[in-house]
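# Reading the structure
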Amino acid sequence: MILGDLQTIREELSIRDIWEARKRIVSIVNKTPLIQSFVLSEKAGRPVYLKLENVHDIGAFKVRGAANKILSLSEDEKKKGVATFSTGNHGMAVAYVAKSLGINAVVCISNRVPEAKLESLRRLNAQIEIYGHSQDDAEEYCYHLAEKKGLTIIPPFDDPHIIAGQGTIGLEIVEDVPHVTDVIVPLSGGGLLSGIGLALKSIDPNIRVIGVSAEHAPVMYESLKARKAVKIEERDTLADSLLGGIGMDNQYTLQMVGQYTDDILLISEEEIAYSMAFMMDKHHMIIEGAAATGVAAVLENKLPRHDGAIVIVISGHNVDLSVLFQLIQRYNDLSH
Ligand SMILES: *Cc1c(COP(=O)(O)O)cnc(C)c1O
């Protein structure tokens, strides 16, 4: 355990919450496939499995947490609607769940958000509010608007319902690969790892949970080292879904990630790019940079040597065609 006393979190959140989340979200979220990767098993010299969170309608696992949170709201809260300021996978997940339930969703964005992102949010019937020139402006406006209109803000990671929702992945992994020894989880704000870690360590504390972050966005890694939430200067990364701070008043995920991770690996841009290209070439699978960090951990032999079965959480597939095009050209040139 890295930080302080987890007693209060334990009282608020246990594996029961994840079981309940699983029952709650069945109407919206399907169990995802878990497949063995023969190419990666060969590379690793031990069985490697992929938990395919890229197959959700919105192309990422975040629909689990969003569904658990929104379905837990009171009838009155549902009637008033929900809000978010994320334009990434979390924003898509909130809009998707709200649409499925016939709830109004407001997404606050700055005027710098590209048109392609707006279009996918509009397709999900989200009500878009454009304000200011930065993500921070949009966030501030979102809180203001939520207060005025009685909307509920759906947080991206630091929330018990979100964490429990993401934790349902842990239950599914153990069902499908009961002999799993290592689970590799992409790590940013830590909702995904907190939930999966809680599930796995409650079932078997010997299962190793390994977080993977981009070298260009190591905010959870640095916060754990400092034993408190820190701000860091982020650089552009192919793993754009791993960008963003952990919140200076982080309540849950910093402590939970500190308790549940056995190791955190930082992955370079070159390794992420190669892993995305590898997955296209050898698996014929498109995955986004955030998900490729887990593949890189195996391809670059960054795990301690054991014989047990590895599961990599393939967290999503939302990547622009122009990025894929560049990757293909680069690796095509290299191989000729
Ligand atoms: C959000 C996200 C992550 C990281 O999840 P956290 O809960 O913020 O740690 C990883 N991969 C993808 C594709 C994501 O959208």
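Residues numbered from 1 in each chain as written. Predicted model: local features only at pLDDT ≥ 70, side-chain atom pairs only at ≥ 80, totals over all residues. Heavy atoms only, no water.

### Looking at the site of the ligand
The test is simple: Nearness of a residue to a molecule or strand requires only that one of the residue's heavy atoms be within 4 Å of it. Pairing of N or O atoms within 3.5 Å defines a polar contact, subject to two protein rules: one partner must be a possible hydrogen donor and the other a possible acceptor, and residues neighboring in sequence count only if both atoms are side-chain atoms. Only the protein chains shown count as covering a residue, and every accessible area follows the Shrake-Rupley method with a 1.4 Å probe. Note on residue categories: nonpolar means Ala, Val, Leu, Ile, Met, Phe, Trp, Tyr, Cys or Pro, charged means Asp, Glu, Lys or Arg, and polar means any other residue, Gly included.
Taken together, 16 residues lie around the ligand, and Lys 62, Asn 89, Gly 190, Gly 191 and Ser 315 are the ones closest in. Contacts to the ligand include Ser 188, whose backbone N or O atom sits 2.9 Å from an oxygen atom. Taken by itself the ligand offers 380 Å² of open surface, and the protein chains cover 97% of this. Across the shell around the ligand, the residue classes break down as six nonpolar, eight polar and two charged.

### Here's the deal with helix α6 (residues 89-101)
For an α-helix the count is 3.6 residues per turn, leaving residues at separations of three or four pointing the same way. Keep this limit in mind: Think of it this way: any DSSP run of H or I at least four residues long counts as a helix, any run of E at least two long counts as a strand, and we number them from the N terminus. For a helix, the expected span equals 1.5 Å multiplied by the number of residues minus one. For every residue, the accessible area obtained with a 1.4 Å probe (protein chains only) is divided by the maximum for its type, and the residue is called buried under 20%, exposed over 50%, and partly exposed between those limits. Working rule for contacts: check all heavy atoms of both residues, and any pair within 4.5 Å makes them a contact.
Across its 13 residues, α6 extends 18 Å between first and last C-alpha, which sits within 8% of the 18 Å expected from 1.5 Å per residue. Burial analysis of α6 places ten of its 13 residues in the buried class, the great majority of the element. Taken residue by residue, α6 has Asn 89, His 90, Gly 91, Met 92, Ala 93, Val 94, Ala 95, Tyr 96, Val 97 and Ala 98 as its buried positions. Looking at the buried residues of α6, the elements they touch are α4 (63-71), β3 (82-84), β4 (105-109), α7 (115-123) and α9 (160-176). Positive phi shows up at Gly 102, right after α6, with a value of about 70 degrees.

### Some details on the pairing of strand β8 (residues 208-214)
Where we set the bar: We call two strands paired when DSSP finds no fewer than two bridges between them. Handedness of a crossover: with both strands directed away from the viewer, a clockwise path from the first strand across the helix to the second marks it as right-handed.
Burial runs high along β8: six of the seven residues are buried. Bridge count for strand β7 (residues 180-186) against β8 is five bridges, and the pairing is parallel. When the sheet's bridge partners are listed, Val 185 is paired in β8 with Gly 211. You can see the chain leave β7, run along helix α10 (residues 191-203) and come back into β8, and the turn it takes is right-handed.

### A short note on the pairing of β4
In terms of burial, β4 is a largely internal element, five of the five residues being buried. Here β4 shows a buried face lined by Ala 105, Val 107 and Ile 109 and a second buried face lined by Val 106 and Cys 108. Across three bridges, the pairing between β3 and β4 is parallel. Considered in β4, the bridge of Ala 83 is made with Val 106. For the segment spanning β3, α6 and β4, crossover handedness is right-handed. Pairing of β4 with strand β5 (residues 127-130) involves four bridges; the strand directions are parallel.

### Notes on the domain arrangement of the chain
Note the threshold: All the domain ranges listed were derived from an automatic or database domain assignment. Each of two parts loses accessible area, computed with a 1.4 Å probe, when they are put together; buried area is these two losses added. Put simply, a salt bridge is a Lys or Arg side-chain nitrogen that is within 4 Å of an Asp or Glu carboxyl oxygen.
Taken as a whole, the chain is organised into domain 1 (7-60 + 159-335) and domain 2 (63-153). For domain 1 versus domain 2, the distance between C-alpha centres works out to 24 Å. Tallying the contact residues gives 25 residues for domain 1 and 17 residues for domain 2. Interface of domain 1 and domain 2: buried area, both sides summed, is about 1700 Å²; carbon and sulfur atoms make up 59% of it. Contact with domain 2 buries surface across domain 1, with Ile 28, Ile 58 and His 161 losing the most and accounting together for 38% of the total. Between the two partners, domain 1 and domain 2, sit three salt bridges. Here Asp 159 ties to Lys 69 by a salt bridge, and the two come within 2.8 Å at their closest N and O atoms. If you look at where domain 1 meets domain 2, you find 14 residue pairs in polar contact (both at pLDDT 80 or more). Elements supplying a minimum of two residues to the side of domain 1 that touches domain 2: α2 (15-25) and α9. No other element matches α9, which puts eight residues into the side of domain 1 that touches domain 2.

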